[in-house]
Amino acid sequence: MKIVAFVGETFELHEGSYYAKPTSAAFLQDTIGNDSVFVCSPSKKANTKPISYSTVVDESHFYPFPSYSSTKDFAIKSIFNRNYIKQYKATADKVIAEHSGAYFWLRTPSIGSILFGLQALKAGEKVLHHMCANASNTWRDPKYTLPEKIFGFLFSRYLRFKLSQICKHYNTINLCTGDVLESFSRKYSPKNTHQFVDLMAKTPQLSSEEKGDNSGVLNLLFVGRIVDDKGIFDLIAVVNQLQAKVKLTIIGDGPDLEKAQQKVKALNLEGNIQFTGQLPHQALSEYFDRASVIVVPSNNHYEGFPRVIMEGWAHKKPVIVSQVGGVKAFVKNAENGLIFTPGNQSELLIALESLLKDDELLKRLGKGAEKMAKYSNQAYWVEYLKNILEEDTREA
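Sequence order sets the numbering: in each chain, residues are counted from 1 along the sequence as written. The predicted origin of the model limits local features to residues at a pLDDT of at least 70 and limits the giving and counting of side-chain atom pairs to 80 or more, whereas totals for whole chains, interfaces and linings rest on all residues. Side-chain measures here rest on the full set of heavy atoms in the structure, leaving out hydrogens and waters.

Before going further, it helps to examine the pattern of salt bridges. For side chains of opposite charge, pairing can occur when their charged atoms come near one another. What counts as a salt bridge is simple: a side-chain nitrogen of Lys or Arg found within 4 Å of a carboxyl oxygen of Asp or Glu. Summed over the entire model, instances satisfying the criterion amount to 9 salt bridges. Taken together, the shared-partner salt bridges in this structure form one network comprising E9, R107, D198 and R307.

A separate point is the packing of helix α7 (residues 232-242) against helix α11 (residues 345-357). Lines fitted to the C-alpha atoms define the axes, with helices restricted to the stretch that makes contact. Angles between their N-to-C directions range from 0 to 180 degrees. Under the scheme used here, helices are H or I runs from DSSP no shorter than 4 residues and strands are E runs no shorter than 2 residues, and both carry numbers assigned from the N terminus. Remark: α7 packs on α11, axes separated minimally by 10 Å, with the N-to-C direction vectors making an angle of 50°. In terms of orientation, α7 lies oblique with respect to α11. Seen along the crossing, α7 lies across α11 with a hand that is right-handed. Contact residues: α7 offers D234, L235, A237, V238, Q241 and L242, while α11 offers Q345, L348, L349, L352, E353 and L356. The nonpolar class holds Ala, Val, Leu, Ile, Met, Phe, Trp, Tyr, Cys and Pro. Asp, Glu, Lys and Arg form the charged class, and all remaining residues, Gly among them, are polar. Per-class residue counts for the contact of α7 with α11 are 8 nonpolar, 2 polar and 2 charged. Comment on the angle field: the value is read as roughly parallel under 35 degrees, roughly antiparallel over 145, roughly perpendicular from 65 to 115, and oblique elsewhere. Definitions for this section: a left-handed crossing has its near helix turned counterclockwise from the far helix by less than a right angle. A right-handed crossing has that turn clockwise. Contacts between residues were defined by any pair of non-hydrogen atoms, one from each residue, lying within 4.5 Å.

What makes two strands pair is DSSP finding at least two bridges between them. Read across the sheet, 6 strands follow the order β13-β12-β11-β14-β15-β16 without closing on themselves; strand pairing throughout is parallel. Each of the sheet's edge strands pairs with one partner strand only, and the pair in question is β13 (273-277) and β16 (337-340). With strand direction ignored, the average angle separating the axes of adjacent strands in the sheet is 20°. Both strand β11 (residues 218-223) and strand β14 (residues 293-296) contribute to a ladder of 2 bridges, which runs parallel. Each residue of the ladder has a partner; that of L220, found in β14, is V293. Strand contacts of α7: β11, β12 (246-251), β13 and β14, with the helix running at about 160° to β12, the strand carrying the most contacts.

Laid out in structure tokens, this is it:
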């Protein structure tokens, strides 16, 4: 078996290998082996070896694609440079022809992945369509101007149409992360739609001892991209209201990291909030162990199902999450986590205060998280994907 994956992230080339943060390519490598996975993605050269990475692809198994920084950037380049799309399709067709008979993996709603997948289907190939985020409502983001919102709305309708073409094709297997994306896909292909999470977290080695601070302080953990629409500033504001009752560890980097650090300093919260920067995946376990609860306060319109939720459950930790994307596929309010309205600091504050006041609630949520542990490790989803592929092979 061979899988050619278009994953969309920008890789860095250094001394014969391509490096990136966690991607579905690494999940596929763990599923069928490094030698059987080929990766297509934008790339750039790096003068030094990246220090925080979770995906490594040998140069012989990597195909560089024309770069783009966002869907908006891709659209602009396509409009003003006709050769851009032509070059993109030509690159895709060459890779597809070279690996005819393989499975072709695309991670949407990345516009590059959509185009790659359509070319693969046009060539009569099998497509593994991983729907990991929802592009339908990104135009609602307040950071966009009115003209950008109008353009974004129209372009999102175009993307939905193209996604529907991929979903309903008889050569497509749809793997959907979250209940919203699963519902979309099932409208077009009920038989070939599956709930799926490309989880990288391995089953952690947990001791029988209760880990964490039992002094009455709630230890919060945020893991993700440091950007405004991930709700990081809402979380900082709520920590400021709770002061000494909570401690927060923030893991990750992003365009708003410096801004967040400055905000913490301005509020004199250095003793309550710790920034670690980006960490390799294998270094996260100790932070999950020490946490009381994992907080996922995203307020964007793009989420599918944040994988950090399951990473928390793997460590038997409950979650507090905003109701974005497809979180309700797995998160059950007051059972394995607490759900609040995106961007609503008051609701987030109430959720945290309820855990501070009610030890029984925290224990009940912890037991609910423990019940989710069997779904919250890479081995479960690797076996799940293998079973789908084996069934597809038998039917072929």
